[in-house]
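So you can see what is in the structure, the chains are spelled out below.
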Amino acid sequence: MSVELDPAPKFSEYAHPERLVSTEWLAEHLGTPGLVVVESDEDVLLYETGHIPGAVKIDWHTDLNDPVERDFIGSAGFAAMAGAKGISRDSTVVIYGDKNNWWAAYALWIFTLFGHEDVRLLDGGRDKWIAEGREVTTDAPQLTPADYPEVERKDAPIRAFKEDVLAHFGSPLVDVRSPEEYSGERLHMPAYPEEGALRGGHIPSAANVPWGRAAASDATFKSRDELEAIYKGEAGLTDGDDVIAYCRIGERSSHTWFVLKHLLGFENVRNYDGSWVEWGNAVRVPIVFGSEPGQAPAPR
Amino acid sequence: MEVMTSSTVPAALAEIRDDFLALPQKERLTLLLEFSNELPELPERYQEHPDLFERVVECQSPVYIFVEIDDDDSVHLYATAPRESPTTRGFASILAQGLDGLSVDEVLAIPDDYPQSIGLTEAVSPLRIRGMTALLARTKRQIRARRGDAASAG
């Protein structure tokens, strides 16, 4: 049972308006049967300091990743996780988080791997909700566990692996990291600790569009026109392109994936979650050092 | 005779570590949140002196620290971190409480891998734990620098 869509005029500009709700809409719809609100933050303690009433927490680190292999949870793990948080297969899931919905977009992308149909982002996320003085609480939500079926995780349509990237050369790649990481000067965002990649730089031919450029100063998504100017104007994407986005571990690029797929309507967008931590450590893959994209090698 | 540089976990930090390890994973986060809420406000004499504070750039949010050494050689760590970064505040609070009043030598002897020993690497990502390691390293560096100054001045 799907909860009604947010008819906000801003959203109707986007390719898939059904993927966003506004803070006003959410405030009016809290408690609606069939709606589950999820908070997913970069700081894993932030939810505990106060969250939207009734919202459940999804911890990107402990809830969505396999604890042993470098992979996401599988069918059984996702079913157990979602069920425990009161999410059914037909729930409308609205996800929000800190830092321009960075990790919220990551959670949404993982829900999409499992084909969860109705999953939306709160435009502006946690920051906008709080800036507007809306209610937050530290009370734990009253959870009724749900029965979520074990569904196959379908990686192919929206997830790229290293081999897919090597075969993709000649088609557009978007590197959503900071300019310093893109050039190879740094291995992590400025002000973050350096992460262990053995080489710095970027995948040849990738355009550099730092992910946060898609967000306005109030953490909402920029307008369709502004996004078109960035991704089509500056980065040179054209309608119908098959695009792969990547960052360091695939979280920032989930945000760009959302923008390209749901706001700008690119049908074939994949997120390479192996990203720089894999590519910068892999043996015999091509790398470009410096701020120029460089030529795409022959696909292999 | 034992070499003086051997690492020893001071009693207060050992107690904090044992408190964390005694809890199941989820409750460790709750305890970290308690520490986060307990991070003391700066004493009045430092509130107007942001110039004294050093940014811990390895942390994912703006954290600033200042180490004070009393005339009797005891150490006090002061830290500021935003409310929106409870994890980082928690780390700073553990160190501020755990090393308060220790001697310079006792602080320098804290094992550098103390942050890895308190049972948070599962609940909080290893990357974030590195921020706490940097907090400890910068604290020690400030102490060494200040002690060096005092020695050369004397």
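Computed from a prediction, not measured in an experiment: that's the story for all the values here.

A. Looking closely at the layout of surface pockets. Residue and element names in this part refer to chain A. The calculated volume of the second largest pocket comes to roughly 310 Å³. Taken together, 21 residues line the second largest pocket, and the ones lying closest to its centre are Thr32, Leu35, Val36, Val37 and Gly54. Here the residues of the lining of the second largest pocket are counted per class, giving ten nonpolar, nine polar and two charged.

B. Structural context of the sheet that holds strand S1 (residues 54-55) of chain B. All names here are of chain B. Across the sheet, which stays open at both edges, the three strands sit in the order S1-S2-S3 with antiparallel pairing between neighbours. Two strands bound the open sheet, and with one partner strand each, they are S1 and strand S3 (75-80). Alignment of S1 against strand S2 (residues 64-69), held across two bridges, turns out to be antiparallel. From the neighbouring strand, Glu54 faces S2, where its bridge partner is Ile65.

C. Geometry of the side chain of A:Thr137. Residue and element names in this part refer to chain A. Looking at the secondary structure, you find Thr137 in the loop between helix H5 (125-131) and helix H6 (162-168). Here the side chain of Thr137 touches Asp139 through a polar contact of 2.9 Å, landing on its backbone nitrogen. In this structure, Thr137 is in contact with Gly50, His51, Ile52 and Pro53, ignoring residues within four places of it in sequence.

D. Representation of the domain arrangement of chain A. Residue and element names in this part refer to chain A. Each assigned domain of chain A is listed here: domain 1 (9-132) and domain 2 (159-280). Of note, the centres of domain 1 and domain 2, computed from C-alpha atoms alone, are 21 Å apart. On the domain 2 side, the residues contacting the 27 residues of domain 1 number 32 residues. Applying the counting criterion to the domain 1 and domain 2 interface returns one salt bridge. The partner of Asp71 in a salt bridge is Arg159, with the nearest N and O atoms 3.0 Å apart. For the side of domain 1 that touches domain 2, the elements supplying multiple residues, two or more each, are helix H4 (102-113) and H5. Ranked by residues supplied to the side of domain 1 that touches domain 2, first place goes to H4 with eight residues. Here the side of domain 1 that touches domain 2 is composed, by residue class, of twelve nonpolar, five polar and ten charged.

About the criteria used
Residues numbered from 1 in each chain as written. Chains lettered and ligands numbered in written order. Predicted model: local features only at pLDDT ≥ 70, side-chain atom pairs only at ≥ 80, totals over all residues. Heavy atoms only, no water. 1 Å grid on protein atoms, 1.4 Å probe; cavity = no way out; pocket = protein on both sides within 12 Å on 5 of 7 lines; lining within 4 Å. Points joined across faces, edges and corners; volume = space filled by probe spheres on them. Nonpolar A, V, L, I, M, F, W, Y, C, P; charged D, E, K, R; others polar. Pairing = 2+ DSSP bridges. Helix = DSSP H or I, 4+ residues; strand = E, 2+ residues; numbered from the N terminus. Polar contact = N/O pair within 3.5 Å; in protein donor to acceptor, adjacent residues only side chain to side chain. Contact = heavy atoms within 4.5 Å. Domains from an automatic or database assignment. Salt bridge = Lys/Arg side-chain N within 4 Å of Asp/Glu carboxyl O.

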